[in-house]
Amino acid sequence: QVQLVESGGGLVQAGGSLRLSCAASRSTNNMNVIGWYRQTPGKQRELVATIDSTGTTNYASSVKGRFTISRDNAKNTVYLQMNSLKPKDTAVYYCNYKSLLTPAQYWGQGTQVTVSS
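Residues numbered from 1 in each chain as written. Predicted model: local features only at pLDDT ≥ 70, side-chain atom pairs only at ≥ 80, totals over all residues. Heavy atoms only, no water.

Attention now goes to the nonpolar core. In terms of nonpolar packing, the biggest core is built from 28 residues, with W36, L80, M82 and Y93 touching the most fellow members. Those elements giving two or more residues to this core turn out to be β3 (18-24), β4 (32-39), β5 (46-52), β7 (67-72), β8 (77-82), β9 (91-99) and β11 (111-116). In contact with Y93, not counting residues within four places along its chain, are E6, L20, W36, Y37, R38, V48, F67, L80, M82, G110, T111 and V113. (Core = buried A, V, L, I, M, F, W, Y, C linked by side-chain atoms within 4.5 Å. Buried < 20%, exposed > 50% of the residue type's maximum accessible area, 1.4 Å probe, protein only. Helix = DSSP H or I, 4+ residues; strand = E, 2+ residues; numbered from the N terminus. Contact = heavy atoms within 4.5 Å.)

Right, dumping it as structure tokens:
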């Protein structure tokens with residue numbers, strides 16, 4: 001079992017920045033993919049960015065060049081640096097952990113990001 005706790009959401013003006021953090025309850029060093037997803041009311045949860053245990057990253061086209069995902073294995077924490085935020089980035093952002101060794105995956109409780117125009 002892995003518990004994930006997100007933080008760092010809030011209200012920001014368009015063009016501003018926020019950094020989200022996802023702290024895991026145990027080591028995330030090996031054989032996993034940790035990602036950020038977002039969801040708005042009435043829509044499906046969508047991928048924002050992922051990073052695997054080798055450090056390989058993947059981004060949705062809508063955030064490429066503006067968002068950066070990174071991980072600090074010593075702190076069992078994954079970050080999402082969000083720059084040049086737009087109103088359409090407004091959503092609840094969720095952290096996700098997927099093991100590459102088992103079918104297990106876990107979700108955090110979500111953190112609200114609101115970008116005003």
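Positive phi values are uncommon outside glycine, yet N76 reaches one of about 50 degrees. In this structure, N76 sits in the loop between β7 and β8. What makes N76 buried here is its relative accessible area of 18%. The phi angle at S84 is positive, at roughly 50 degrees, despite the residue not being glycine. Position of S84 relative to the elements: it lies in the loop between β8 and β9. Classification of S84 by relative accessible area gives partly exposed; the value is 40%.

Per the counting criterion, the structure on display carries three aromatic pairs. Summarising the aromatic geometry, the rings of Y37 and W107 are spaced 5.1 Å apart at their centres and angled 70 degrees between planes, so their arrangement reads as edge-to-face. Linking Y37 in strand β4 with W107 in strand β10 (residues 105-107), this pair joins segments that are 70 residues apart in sequence. The exposure class assigned to Y37 is buried, which follows from its relative accessible area of 13%. Measuring from ring centre to ring centre gives 6.1 Å for Y97 and Y106, while their planes differ by 45 degrees; the resulting arrangement is tilted. When its relative accessible area of 4% is taken as the criterion, Y97 is described as buried. These aromatic residues form a ring-pair network of at least three members: Y37, Y94 and W107. The cationic tip of R45 hangs over the ring face of Y94; the distance from NZ or CZ to the ring centre is 3.7 Å. (Phe/Tyr/Trp six-rings, centres within 6.5 Å; stacked < 30°, edge-to-face > 60°. Lys NZ or Arg CZ within 6 Å of the ring centre and 35° of its normal.)

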